[in-house]
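This is what each chain is made of:
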Amino acid sequence: MKKILVTGAFGQIGSELVPTLQQKYGEQSVVAMGHSNYPKDFKGIFESGEITDIKFLKELVAKHQIDTIFHMAAYLSVKSEMDPQGAWEVNVIGLKNVLDIAKEAKLQVFWPSSIAVFGPTTPRQNTPQITPIEPTTMYGVGKLTGESLCHYYHLKYGLDVRSVRYPGLLDYKTPPSLGTTEYAKEIFWKAIKEKKYTVPLKADTTMPMMFMLDAIRATVSIMEAPAEKIKIRTSYNLAAFSFSPEDLYNQIKKFVPDLVIEYKETEIQKIADSWPQSIDDSQARTDWGWLPQYSLEQLVEAMYTNIKKQIDNGAK
Ligand code: SER
């Protein structure tokens, strides 16, 4: 039986990934690792611990006879800028712990990189797979280090580690958190509850984005691809569509016609301006058959409908 460990199991990605893996492989095949404040209605195997604690991780892998790790525990970009030391420990040391254990126990690993790996010297339009990479945020520095570590462990130890560079991801299950692209989630909550929102960016700040269900499909599908199809062992570019706050506002207005919006740029403008506006993901398409399914219009409808349902049922 397959035995999968998901770290960051109750975070933005984990909250959707864990149920998908449970459905695919069975509830007893997935170990969800997070903090003690996990959702009380969670059904499945739960373990509480820190990704920085290698002894705990090693024991966990042995106890459950894990063969695959989806390592999702991480700080996002804004939190990493607030606490660069913490970001290094969780995002880099945490990954190195996972890679070291995976190397010893011969496990398969998925680890997410991000569009944040790129920096001001990267071409911002249709960013190529291979291109200058000089990130100017701590989050990006961690992603660049992480990509290099994954590549190195593959070359040196033959570790089967696979990765994609996620664009900004939008889901309706978890609350908005400390990321640069998180405004695009928060706007739905505020639009439905208050009919007004102040965007922390300029109206035309375009970033690559994706619906969470597409991101989960990419994650599962790169892990299921035959090893010989995985030609990139740093991380694959991945894309669906790009939009600016103004584009998003125009879509949400179809559902909330009286939505009032204001643009007041904050310190995250600098982070957004250092990231690409659109991504060339042709190598992922060629190598392992990646194809996004959701358009911006479909994303907006799914986000609006599901968040509205939660708010109607009393969600704050
Ligand atoms: N979406 C993330 C953030 O905004 C980047 O990967 O921090």
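You'll find the structure just up there.
The rules behind the values
- Residues numbered from 1 in each chain as written.
- Predicted model: local features only at pLDDT ≥ 70, side-chain atom pairs only at ≥ 80, totals over all residues.
- Heavy atoms only, no water.
- Pairing = 2+ DSSP bridges.
- Helix = DSSP H or I, 4+ residues; strand = E, 2+ residues; numbered from the N terminus.
- Axes fitted to C-alpha atoms, helices over the stretch in contact; angles between N-to-C directions.
- Core = buried A, V, L, I, M, F, W, Y, C linked by side-chain atoms within 4.5 Å.
- Buried < 20%, exposed > 50% of the residue type's maximum accessible area, 1.4 Å probe, protein only.
- Contact = heavy atoms within 4.5 Å.
- 1 Å grid on protein atoms, 1.4 Å probe; cavity = no way out; pocket = protein on both sides within 12 Å on 5 of 7 lines; lining within 4 Å.
- Points joined across faces, edges and corners; volume = space filled by probe spheres on them.
- Nonpolar A, V, L, I, M, F, W, Y, C, P; charged D, E, K, R; others polar.
- Parallel < 35°, antiparallel > 145°, perpendicular 65-115°, else oblique.
- Left-handed = near helix turned anticlockwise from the far one by under 90°.
- Phe/Tyr/Trp six-rings, centres within 6.5 Å; stacked < 30°, edge-to-face > 60°.
- Lys NZ or Arg CZ within 6 Å of the ring centre and 35° of its normal.

**Q** When you look at the sheet that holds strand β8 (residues 164–166) in this model, what are you seeing that I'm missing?
**A** The pairing of strands in a sheet comes from backbone hydrogen bonds and takes either a parallel or an antiparallel form. Pairing is parallel across the open sheet formed by three strands, whose spatial order is β6-β8-β12. The open sheet terminates on both sides in strands that have one partner only, identified here as β6 (113–114) and β12 (236–237). Note: β8 against β12, two bridges, orientation parallel. Across the sheet, Arg165 pairs through a bridge with Asn237, a residue of β12.

**Q** Could you clarify how one ought to interpret the sheet that holds strand β13 (residues 241–243) in this entry?
**A** Pairing in this open sheet of three strands is mixed, and the strands run β9-β11-β13 from one edge to the other. Strand pairing shows two members of the sheet lacking a second neighbour, β9 (168–170) and β13, which therefore form its edges. With strand direction ignored, the average angle separating the axes of adjacent strands in the sheet is 45°. Pairing geometry for strand β11 (residues 207–211) and β13, over three bridges, is antiparallel. Considered in β13, the bridge of Met207 is made with Phe243.

**Q** Help me understand the nonpolar core in this model?
**A** Across soluble globular proteins, you tend to see nonpolar side chains buried next to one another. In terms of nonpolar packing, the biggest core is built from 43 residues, with Tyr183, Phe188, Phe243, Leu248, Ile252 and Leu299 touching the most fellow members. At eight residues, the largest contribution of residues to this core is made by helix α11 (residues 296–312). In contact with Leu299, not counting residues within four places along its chain, are Leu170, Met210, Phe211, Phe241 and Phe243. Within the second largest apolar cluster, 32 residues are counted, among which are Ile4, Ile216, Ala218 and Met223.

**Q** Looking at this model, I keep getting lost on the layout of surface pockets. Mind explaining?
**A** One water molecule sets the probe size; rolling that probe over the atoms shows where empty space is left. Empty space within the largest pocket amounts to approximately 1100 Å³. Forming the boundary of the largest pocket are 43 residues, of which Gly11, Gln12, Ala74, Tyr75 and Leu76 lie nearest the centre. Looking at the lining of the largest pocket, the elements with two or more residues in it are β2 (30–34), α3 (77–82), β6, α5 (138–157) and β9. Class assignment of the residues belonging to the lining of the largest pocket gives a composition of 20 nonpolar, 18 polar and five charged. In this model, the second largest pocket occupies a volume close to 250 Å³. Taken together, Ala9, Phe10, Gly14, Ser15, Val18, Pro19, Gln22, Pro39, Asp41, Phe42, Lys173 and Thr174 make up the full set of residues lining the second largest pocket. Partitioned by chemical class, the residues of the lining of the second largest pocket number six nonpolar, four polar and two charged.

**Q** Looking at this structure, I do not really get the packing of helix α4 (residues 84–105) against α5. What am I missing?
**A** Geometry of a packed helix pair, given as the angle between the helix axes and the separation of the axes. Relative to each other, α4 and α5 sit at 15°, their axes nearing to 10 Å. What the angle tells us is that α4 and α5 run roughly parallel. With respect to the hand of their crossing, α4 and α5 are arranged in right-handed fashion. Every residue of α5 that contacts α4 at Pro84, Ala87, Trp88, Asn91, Val92, Leu95, Lys96, Leu99, Asp100 and Lys103 is listed here: Met138, Tyr139, Val141, Gly142, Thr145, Gly146, Leu149, Cys150, Tyr153 and Tyr157.

**Q** Looking at this structure, I do not really get the packing of aromatic side chains. What am I missing?
**A** Where two aromatic rings form a pair, the distance of their centres and the angle of their planes describe that pair. Enumeration over the complete set of coordinates arrives at 15 aromatic pairs. Note on Phe10 and Phe42: the rings are 5.0 Å apart at their centroids and 85° apart in plane angle, and the pair reads as edge-to-face. Pair noted here: Phe10 is in the loop between β1 (4–7) and α1 (14–25) and Phe42 is in the loop between β2 and β3 (45–48), with a separation of 32 residues, a long-range link. Residue Phe10 is classed as partly exposed on the basis of its relative accessible area of 22%. By relative accessible area, Phe42 is classed as buried at 18%. Pairing Phe241 with Phe243 gives two aromatic rings, centres 6.2 Å apart and planes at 25°, and the pair type is stacked. By the ring-pair criterion, three or more aromatic residues cluster together here, those being Phe10, Tyr38, Phe42 and Phe46. Over the ring of Tyr25 we find Lys24; its NZ or CZ atom is 5.9 Å from the centre of that ring.

**Q** Which parts of the structure should I look at to understand the environment of Lys79?
**A** Tracing the backbone through its elements, the reader meets Lys79 in helix α3. Here Lys79 falls in the partly exposed class, since its relative accessible area comes to 36%. Sequence-wise, Lys79 and Met138 are 59 residues apart; in three dimensions their C-alpha atoms are separated by 9.6 Å.

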